[in-house]
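As a plain string of letters, each chain reads:
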Amino acid sequence: MRVPVEVCVLLISLQAPAVLYTMNNIPALQEPLSILGTGAVVLGTVLLLFFLTVQHKQTVDPLFYVFAEFSFTSLVGLTNALEQEGFISGFMGFYIKMGEPHLSTAYAVMMSYWEGVVHLVLLLTIIHRMFTGKTYRSLALLWAGSSISHQLVHIPGVVVGKYGSNIRPAFWRNAPFFLAPFWAASVLFRRPGEMPIITADKVAAEQRKGLLSRPIDLQFSVLLLGVVAFCLFRGFVVLDCPLDSCFTYIYQYEPYLKDPVGFPRVTMLVYWFYAVPLLMVLVYGLRTPGSSWMLDWSLFFAGATSQAQWCHIGASLHSRTSFTYRVPADKLGPVIILNVLLAVIPALLALRCHTNPAYFMKTVPTEQSNGNKKEN
């Protein structure tokens, strides 16, 4: 009896802490170039092990190797989070000192928790479904959105923040992990979506309704426009807009936005330049029948905002963030509510699109619809 592939992937990934512990106790492996070289060898070896794991399979989706390799790095992230929080020790000290010092920041700790828990569960589930013949595209789109959000903030945040003057060679091992999620997302978007079969008359009936006749979609449109306004406002705030409202917000509500680590500033700019246009596209999709792309992009965006907001909210409250930049106790309620809504609204929109997709589907030919009725 063969061991399930996802179990093999987990067992290989669980070796990540052992590798880190070994490197942490061998001085020769703790020099900056040695860390980069050893990391490349380890990741290459892990990739080879994953290849050997599935070599008996007739066909293997190339995305498997991306998901499997990220499973391994997810355990590295979880190890970092646990050590920075004091639950374990002796694993990451050398890497924080000579590899990537920014991984000790509050943002990186929250990012590592997300990688080690949410990403790992998603990836193992995707791999399980991949090798049991079940659909996994929707889960993979969630992961792709989350991972791209992670990379868009993580790497630029290091470069433009206070750690930009202390970049070590090991930092460049992030390059392939920056590119891989974009490649995976492009592959997933090119593949046919998982569309339910809905009769033509039901699709037509839904698509005849205007926005005012669909109160839930009307509410989502208003909420998404509110998110757009909030994202634009915080973008102006981090760009040092001289308006009194911006000054008041950054000093009395979210001083974390001016933390010199750079991550919050980059997060707000990513929202400004990438999330805002996508939000407007989603609003357009809510009022335009047959926008089948809404099913994919709402999932992708939900994954991205969930990851971004988890890291942003957690870091703004974390003890590793200087007290000066944490959310003031008297403003904690409204700040947390606004930031949580920024993650919840896209997630609810994705849920709405997938639970009742008739409005977003291409019109089904009447003959096909009748044929399906007869079969049923």
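Every value quoted in this text rests on a predicted model; they were computed, and no experiment measured them.

Focus: the overall build of the protein chain
- A count of helical and extended segments in the protein chain gives 15 helices and zero strands.
- The C-alpha radius of gyration computed for the protein chain amounts to 23 Å, which stays within 12% of the reference 21 Å derived for 376 residues, consistent with globular compactness.
- For the protein chain, the C-alpha atoms occupy an extent of roughly 70 × 65 × 30 Å along the three principal directions.
- Counting all 376 residues of the protein chain, 51% fall into the buried class.
- Once local pairs closer than 6 in sequence are excluded, the contacts in the protein chain between residues at least 24 apart make up 78%.
- Averaging the coordinates of the 26 positive side-chain charges in the protein chain and doing the same for the 20 negative ones gives two points 4 Å apart.

Considerations on helix α12 (residues 263–287)
- For α12, which comprises 25 residues, the first-to-last C-alpha distance of 35 Å matches the rise-based estimate of 36 Å (1.5 Å per residue) to within 8%.
- At Ala275, α12 shows its strongest bend, of approximately 40°, with the proline Pro277 following within four residues.

Examining the environment of Val203
- Its location among the elements puts Val203 in helix α9 (residues 200–207).
- For Val203, a relative accessible area of 0% translates into the label buried.
- With 87 residues separating them in the primary sequence, Val203 and Gly290 have C-alpha atoms 9.0 Å apart.

Brief notes about the packing of aromatic side chains
- Per the stated rule, a full pass over the model turns up 22 aromatic pairs.
- Seen from their ring centres, Tyr107 and Phe263 are 4.6 Å apart, and the 15° between their planes marks the pair as stacked. You can see Tyr107 sitting in helix α6 (residues 106–130) and its partner Phe263 sitting in helix α12, a full 156 residues away along the chain. Each member of the pair, Tyr107 together with Phe263, is buried.
- An aromatic cluster is defined as three or more aromatic residues linked by ring pairs; in this entry it consists of Phe50, Phe64, Tyr65 and Phe131.
- We note Arg214 situated over the ring of Tyr359; from NZ or CZ to the ring centre the distance is 3.7 Å.

Points about the environment of Pro255
- When you line up the elements, Pro255 lands in the loop between α11 (244–252) and α12.
- For Pro255, a relative accessible area of 4% translates into the label buried.
- Taking the C-alpha atoms as reference points, Pro255 and Pro328, 73 residues apart in sequence, are found 8.3 Å from one another.
- Once you skip the residues sitting within four places of it in the chain, Pro255 turns out to touch Ile250, Thr324, Tyr325, Arg326, Val327 and Pro328.

Examining the nonpolar core
- Of all hydrophobic cores here, the largest spans 67 residues; its most connected members are Val9, Phe64, Phe67, Tyr107 and Trp143.
- It is α6 that provides the largest number of residues to this core, a total of 11 residues.
- When sequence neighbours within four positions are dropped, the list of residues in contact with Phe64 reads Val5, Val9, Phe50, Val54, Ile127, Met130 and Phe131.
- In terms of nonpolar packing, the next biggest core, distinct from the first, is built from 33 residues, Phe220, Met268, Tyr271 and Ala308 among them.

Thoughts on the layout of surface pockets
- Its volume calculated, the largest pocket comes out at about 290 Å³.
- Forming the boundary of the largest pocket are 18 residues, of which Leu152, Val270, Tyr274, Ala275 and Ala304 lie nearest the centre.
- For the lining of the largest pocket, the secondary structure elements donating two or more residues are α7 (137–160), α12 and α13 (294–317).
- Its residues assigned to classes, the lining of the largest pocket shows 14 nonpolar, four polar and no charged.

Some details on empty space enclosed by the protein
- This model, assessed by the stated rule, comprises three cavities of 30 Å³ or more.
- Each pocket or cavity is described by its volume, and for the largest cavity that value is around 260 Å³.
- If you go around the largest cavity, you meet 15 residues; those closest to its centre are Leu20, Gly39, Val76, Tyr95 and Arg173.
- At the level of secondary structure, the elements contributing two or more residues to the lining of the largest cavity comprise α2 (16–24), α3 (32–53) and α4 (63–84).
- A per-element tally of the lining of the largest cavity places α3 first, with five residues.
- Residue classes in the lining of the largest cavity are distributed as 12 nonpolar, two polar and one charged.

The rules behind the values
- Residues numbered from 1 in each chain as written.
- Predicted model: local features only at pLDDT ≥ 70, side-chain atom pairs only at ≥ 80, totals over all residues.
- Heavy atoms only, no water.
- Helix = DSSP H or I, 4+ residues; strand = E, 2+ residues; numbered from the N terminus.
- Rg over C-alpha atoms; globule rule 2.2 N^0.38 Å.
- Buried < 20%, exposed > 50% of the residue type's maximum accessible area, 1.4 Å probe, protein only.
- Contact = heavy atoms within 4.5 Å.
- Lys, Arg positive; Asp, Glu negative; His and termini not counted.
- Charge placed at Lys NZ, Arg CZ, Asp CG, Glu CD.
- Expected span 1.5 Å × (residues − 1).
- Bend = angle between axes of the 7 residues up to and from the residue.
- Phe/Tyr/Trp six-rings, centres within 6.5 Å; stacked < 30°, edge-to-face > 60°.
- Lys NZ or Arg CZ within 6 Å of the ring centre and 35° of its normal.
- Core = buried A, V, L, I, M, F, W, Y, C linked by side-chain atoms within 4.5 Å.
- 1 Å grid on protein atoms, 1.4 Å probe; cavity = no way out; pocket = protein on both sides within 12 Å on 5 of 7 lines; lining within 4 Å.
- Points joined across faces, edges and corners; volume = space filled by probe spheres on them.
- Nonpolar A, V, L, I, M, F, W, Y, C, P; charged D, E, K, R; others polar.

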